[in-house]
Each structure stands twice: as C-alpha cells, then as structure tokens.
Amino acid sequence: MSGGLLVAGTTSDAGKSVLTAGICRWLRRQGVRVAPFKAQNMSNNSAVVVGPDGRGGEIGRAQAMQAAACGLPPDLRFNPVLLKPGSDRSSQVVLLGRAVDTITAGNFRTLRPRLATAAFEALAELRGEYDVVVCEGAGSPTEINLRDTDYTNMGLARHARLPTIVVGDIDRGGVFASMFGTLALLDAADQELVAGFVVNKFRGDLDLLRPGLDMLTRLTGRPTYGVLPWHVDLWLDAEDSLAYGRVLGRPAPPEGDEWLDVAVVRLPRISNATDVEALATEPGVRVRLTVEPAELAAADLVVLPGTKSTVADLDWLRRTGLAEIVHAHVAAGRPLLGICGGYQMLARGIDDEVESGRGHVAGLGLLPVEITFGAAKTVTRSVGTAFGSVPVEGYEIHHGYVSAADPAPEPLIRYPDGRLEGAAVGNLFGTHWHGAFTSDRFRRRFLTEVARLAGRHGFQVAPDTSFAAARERTLDILGDLVEEHLDTAALRRLVEQGPPAGLPFVPPGAPPPPRSPVPAGTGDPASESPPHVGRAGGTRQPGPPPGLETADQVRRPPQADRTEARRGEAGAVSLPADHHDLDVVADRLRDP
C-alpha cells in the first residue's frame, strides 16, 4: 500500500488531530509504514524532538501524539512549521524545530515562500521514506481570505495531489451546513480533491442521522466515509487547551477516602497545558482549568502553568484579582506549583527585553529568585532526580532563566551533573521543566507531598497508574473507532488511488478576490451596489447572488449507479407548523 491523504476540517477542533491519529493507528495495524504530517501548526502546546544534529527542536504536541500512533519517535519533519502565538497579532516562527523569526500580518507574505518550501520539501522526503503519509490540515480549508497563501490545506493537497476528506463536529451543531459550505466555497480545482466527509462526536440514533447523510451525498456527489461516536475517554494530548472544558478527563474514584482538587489557572496565552493531564490520570485527582476565583480558593493545589507571554499573563493575573487569590492560597499553607512561565511569575522580579520588551517588572515575590530572559532559547530534553532519588524526565522550552537567587532555594530537581533546577520551598514548587508528571514515580511522590501539605490525609496515590499505558489506550481507542465506524475499504482505495474522477463541482465556488475600494461618487460602478458577475465573467441582472442557485443547478456526477432523483428533492424537507414536534420532524427526514 502506498499513497497519501489530507484530513481537513470544517473548523478548528473539529477532530482533525484525533482522526489523523486514528487512521495512523489503523494503518499501522495493517502493517503499513505510516507517518503523520502537518505543514503548519499554530499552537503553544509543543513537544521537544531531538534533531539529526543532536539538538532539541519543537513540533506541535498533536504530531508527537500522531507519531506515537504510528509507532514512531517524533521527527521535526512531521511539523516543519510551528507558529507559537505570543499575542493576538504576532507569533514566533519555529522552522524545522528552531525559532527563526516573529510573524505578523505585515511580514507573512514575505516569509510564506520560505515556510511553504520547507513544508513541501519535508512532505516529499517523508513520502519517499514511508508507504503512506497522513496529513492533517489546519483550521478550515475554506478560509477564503487566505487561500492564495495557503500551503497547509488545499494548497498542500494541490501541490502533492492528496485526496482529501473533511471532518465536521456534529456536537457543535450545524454539521451539514458546515460540511456543504466548506466544499462549496472551494474553487473547482480544490473541489476535485475533496472526496468525502466524516462526522465526528455523534451522540444519538444513527438511523435519525442517516437521511441527512444521504441528502449530503445527493447535494455534493460525495459520500460520508463514516460517523465517529462521541467517546468520553478521548481527552489526552488535546491540541488546544480551550478544548478541555472544565474538568480534565473522567476522574476515577480515589484509592483512599478523600479527593485531591487541583485548579490550573487558564492563562490567556497558556502553553503546554498538557503538563497537568498526567495528574488527571490518577484516581481521586480532580483537575480543573479555571479562571474562577472561588475554584482557585477552594483548591488543594493551584497550578500556574506555562505561558508564551510571561509578563503579559502576569499583568492579567493581577488585573483579574487572581494574583491575590494565589497569595492567599500560599499564605494559608496550601501548595502552589509554577511550571515554566508560571514558575517565572513566582520570582521577585523578571527582566524581559526579549519576549515583552518591558525590561524589569515585579514578580509575585513568592520565591527568592530573579528571572532574566535571554535571546537564546533553551529547547532540550532533560533527565534528573527529585525528592532524593526519584527519577524524573521532562523537556525544556524557555528564554527565561534564574539569574540570581538569595538565598538559593532548595531545588525541586537535580541534573545528573549536579546542576540544580527549580525550587521546593515549603508549600511552593516551581520548575522550568514540562512533562515531568508523565514520570510515574515522580508524579506519585509529588501528589503524596501535595496531599500532606493540603491536609488531605485520607488521599492515597494508586500504586500502579501508568501514564504511558493511558496514552496507548487512547491511541488504541482511536484506531478501534476508525476500524469500527469508517468505511476502511473505501478509505484504503482513496489513499492508494487518489480522489475519484468525475467529482461534481458544487457552486458557488471560491469568490473572486476583492477589488480595491473606490471612493463613493466617482461614477465607478464599484462604488455603488455592483451587479452580480456570472461564472463566465459577464454581467447578469440583479437577482439571487452567486451561490443561491437552486439545488437543481448543482452539477451531478456522471456515475450511472447514482439515483436520478432531482437535486431539489434532497432539500425539500418541510417542517410541520409545530416544528418543535421532533417525532414529526424525524418522520419527515426519514421519508423526504
């Protein structure tokens, strides 16, 4: 088997990452040498990969998870371009693992050729080494204002002739409109590559949904390859922290007779929020991402997580009054943990001419250290010991470092060469390391200490929780869902043979680029209500604008085995006068 596939989505968080991982796991089970790929990711959740030169580099966390689904170590080429937002207007550019620039709307077009070339070359190399490369798109392929610079969705598919499937999240509502609209706003050449759809996160009676899937096929000439059900245990390695909701995972009952409540401050520019997922795999540990003062005040452990903008998020912490809650929590003797940027916030002062350009600002003053930001970025995997001789592994991604300490705090972690990392002072803990809690023994020892400090004497850690096993279970669930709920025979043909010939064009297609505005009153028709321009470029009389053609005007595929029912019949489901009567609506949908 050989080929490729692009998994696009109607929106961010539609399920592209997990579907890509599930397909990768399914193919691996078939003995296929498969690799993941995402040309460009925009995320502050990253993983550290050791590059061919032995130095550390960054890729999106989702691609590291997809690599695990393939049974592969992560590779910098799996995500050649990573954009790490530092504000609403700029992002750090990580190219093949290294931070190389800062991107804004103003310089994107200048940087784009370099980024696209790197992405295309990485994909070509991977396709030469693996039987199949499963590519994940970014956001939506129908960002009509960005299509001319796209190299992550249909721009990638066009370049590499990748068959494309579009996944939509039915749990959000509007899945048929979003899938149809995603296709209908692509130009003809892009539409030729879109072979069908996948519905994600379905809860309910599939018989009720099936008529809608049939209508979508009649409207678009493209099948739905399957419907993936909602699964409560799919929450590890979330691409975006906003996808978590309120409580991470499904907490198992405690081993002892008390729960441990952990409140993680959802900072505006939170990064590597997946650090706390390992805590949530422990029975009796309830982990919340929150901005609610009451939830922070009631927590046994408060966590200040990583952030891409330490100083800006520290300002936010103060403006919202949450800094006062943090101080009160510590003053009450309950434990506080700072990770990377959160650890830096605990310092007396922060000298930052690199990330924020603000110079010296006051920290929370909870630890006797000073933080200085350097131009060089530390990106590395690390090992050490904590709590005496407990082994711990993690990774580091930071510009800031401890430049002064008086008195020097007791370290949380010791490197093998004797260097000290972080702080463990009474009820205060801090470290620059991410991923430390995936080390099972370290996680259990830390939670035991937290429970003691919080007075939760009835809490006991489970003796055998394995984070690695929990992650493998997640990947196996994804593979099972693909095998059980997708048409894998059709998916295999699609990967091997490419998009079917004769897929119909669904109007209106991509709109033309906007014309430069002309001041009103110049006499130019563009300054008034313009007439509508038809597909051939001529002027047509006012009427329904392009895209409001009747369904009969959508061109049909020529395949002889398709029904000859008129396209208009597919949309002819009328609601009863009392359209809140769901039984009547269901009857109409079953028999349009």
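Calculation rules
Residues numbered from 1 in each chain as written. Predicted model: local features only at pLDDT ≥ 70, side-chain atom pairs only at ≥ 80, totals over all residues. Heavy atoms only, no water. Helix = DSSP H or I, 4+ residues; strand = E, 2+ residues; numbered from the N terminus. Buried < 20%, exposed > 50% of the residue type's maximum accessible area, 1.4 Å probe, protein only. Areas by Shrake-Rupley, 256 points an atom, 1.4 Å probe, with all protein chains shown as cover. Phe/Tyr/Trp six-rings, centres within 6.5 Å; stacked < 30°, edge-to-face > 60°. Lys NZ or Arg CZ within 6 Å of the ring centre and 35° of its normal. Core = buried A, V, L, I, M, F, W, Y, C linked by side-chain atoms within 4.5 Å. Contact = heavy atoms within 4.5 Å. Salt bridge = Lys/Arg side-chain N within 4 Å of Asp/Glu carboxyl O. Pairing = 2+ DSSP bridges. Axes fitted to C-alpha atoms, helices over the stretch in contact; angles between N-to-C directions. Parallel < 35°, antiparallel > 145°, perpendicular 65-115°, else oblique. Nonpolar A, V, L, I, M, F, W, Y, C, P; charged D, E, K, R; others polar. Disulfide = S-S within 2.5 Å. pLDDT = per-residue confidence, 0-100.

1. Section: the overall build of the chain
Phase 1 of the analysis: In terms of regular secondary structure, the chain is built from 17 helices and 28 strands.
Phase 2 of the analysis: By the burial criterion, 51% of the 592 residues in the chain qualify as buried.
Phase 3 of the analysis: Entry remark: accessible area of the chain is about 25,600 Å², with carbon and sulfur atoms responsible for 52%.

2. Here we look at the packing of aromatic side chains
Phase 1 of the analysis: With the rule as written, the count across this model stands at six aromatic pairs.
Phase 2 of the analysis: Here the aromatic rings of phenylalanine 437 and phenylalanine 442 are separated by 5.5 Å at their centres, their planes lie at 25°, and the arrangement is stacked.
Phase 3 of the analysis: With a relative accessible area of 2%, phenylalanine 442 lands in the buried category.
Phase 4 of the analysis: Pairing phenylalanine 437 with phenylalanine 446 gives two aromatic rings, centres 5.0 Å apart and planes at 50°, and the pair type is tilted. Accessibility assignment for this pair places phenylalanine 437 and phenylalanine 446 in one class, buried.
Phase 5 of the analysis: Ring-pair connections join several aromatic residues into one group, and the members of that group are Phe387, Phe429, Phe437, Phe442 and Phe446.
Phase 6 of the analysis: The ring centre of tryptophan 230 lies 4.1 Å from the NZ or CZ of arginine 203, which sits over that ring.

3. Regarding the nonpolar core
Phase 1 of the analysis: The biggest cluster of nonpolar side chains holds 66 residues, and the ones touching the most others in it are Val265, Val287, Leu317, Leu336 and Leu364.
Phase 2 of the analysis: Here valine 287 is in contact with Arg246, Val247, Leu248, Val262, Val264, Val276, Leu279 and Ala280, once residues within four sequence places are set aside.
Phase 3 of the analysis: Formed by 48 residues, the second largest nonpolar core is a distinct cluster that contains Phe78, Ala119, Leu126 and Val194.

4. Regarding the pattern of salt bridges
Phase 1 of the analysis: By the definition in use, this model includes 34 salt bridges.
Phase 2 of the analysis: Note that arginine 33 is salt-bridged to aspartate 131, the shortest N-O span being 3.0 Å. Taken as a pair, arginine 33 in the loop between α1 (16-29) and β2 (34-37) and aspartate 131 in the loop between α3 (108-129) and β9 (132-136) lie far apart in primary sequence, 98 residues in all.
Phase 3 of the analysis: Taking relative accessible area as the criterion, arginine 33 reaches 47% and is therefore assigned partly exposed.
Phase 4 of the analysis: Residues arginine 443 and aspartate 440 are paired through a salt bridge, measuring 2.9 Å at the closest nitrogen-oxygen approach.

5. Some remarks on the pairing of strand β18 (residues 336-339)
Regular strands place side chains that alternate from one sheet face to the opposite one.
Phase 1 of the analysis: Burial along β18 is two-sided: the face carrying Leu336 and Gly338 and the face carrying Leu337 and Ile339 are both buried.
Phase 2 of the analysis: Pairing between strand β16 (residues 301-304) and β18: three bridges, direction parallel. From the neighbouring strand, valine 303 faces β18, where its bridge partner is leucine 337.
Phase 3 of the analysis: Alignment of β18 against strand β26 (residues 428-431), held across four bridges, turns out to be parallel. Bridged to glycine 338 within β26 is glycine 430.

6. Side note on the packing of α1 against helix α14 (residues 467-485)
Phase 1 of the analysis: Two numbers describe how α1 lies on α14: the axes approach to 7 Å, and their chain directions differ by 85°. Regarding the angle of α1 to α14, the classification is roughly perpendicular. Contact residues: α1 offers Val18, Leu19, Ala21, Gly22, Ile23, Arg25, Trp26 and Arg29, while α14 offers Glu472, Leu475, Asp476, Leu478, Gly479, Asp480, Val482 and Glu483.
Phase 2 of the analysis: Here the residues of the contact of α1 with α14 sort into eight nonpolar, two polar and six charged.

7. Section: the sheet that holds strand β3 (residues 40-42)
Phase 1 of the analysis: The four strands lie next to each other as β3-β6-β7-β8, forming an open sheet whose pairing is mixed. At either margin of the open sheet sits one strand with a lone partner, and together these are β3 and β8 (98-104). Averaged over all neighbouring strand pairs, the angle between strand axes comes to 25°, with direction disregarded.
Phase 2 of the analysis: In terms of strand pairing, strand β6 (residues 81-85) meets strand β7 (residues 90-95) through five bridges, oriented antiparallel. Each bridged residue has a counterpart across the sheet, and for leucine 82 the counterpart in β7 is valine 94.

8. Re the environment of arginine 456
Phase 1 of the analysis: Turning to its location among the elements, arginine 456 is positioned in the loop between α13 (440-454) and α14.
Phase 2 of the analysis: The partly exposed category is assigned to arginine 456, whose relative accessible area is 27%.
Phase 3 of the analysis: Spatially, the C-alpha atoms of arginine 456 and glycine 256 are 10.0 Å apart, while their sequence positions differ by 200 residues.

9. Comments concerning the state of the cysteines
Phase 1 of the analysis: Following the criterion strictly, the structure yields zero disulfides and no others.
Phase 2 of the analysis: Unpaired in terms of disulfides, cysteine 135 finds its nearest cysteine sulfur in cysteine 24, a separation of 9.4 Å.

10. Digging into the sheet that holds strand β1 (residues 3-9)
Phase 1 of the analysis: With respect to topology, six strands assemble into an open sheet ordered β2-β9-β1-β10-β11-β12, the strand pairing being parallel. Looking along the sheet, the strands with just one partner apiece sit at the ends: β2 and β12 (224-229). Across the sheet, the mean angle from the axis of one strand to that of its neighbour is 20°, orientation sign disregarded.
Phase 2 of the analysis: Taken together, the four bridges between β1 and strand β10 (residues 164-169) define a ladder with parallel strand orientation. In the strand pairing of β10, glycine 9 is matched with valine 167.
Phase 3 of the analysis: Running over the sheet, helix α7 (residues 206-220) touches β11 (194-202) and β12 and is turned about 150° from β12.

11. Describing helix α5 (residues 175-184)
Phase 1 of the analysis: Burial in α5 covers these residues: Val175, Met179, Thr182, Leu183 and Ala184.
Phase 2 of the analysis: In this structure, the buried side of α5 is in contact with β10, α6 (188-191), β11 and α7.

12. Re the confidence of the model for the chain
Phase 1 of the analysis: With 85% of its residues at a pLDDT of 70 or more, the chain shows a mean pLDDT of 85.
Phase 2 of the analysis: Here residues 516-592 scores under 50 on pLDDT; set against residues more than four positions off or in separate chains, the count is 88 contacts.

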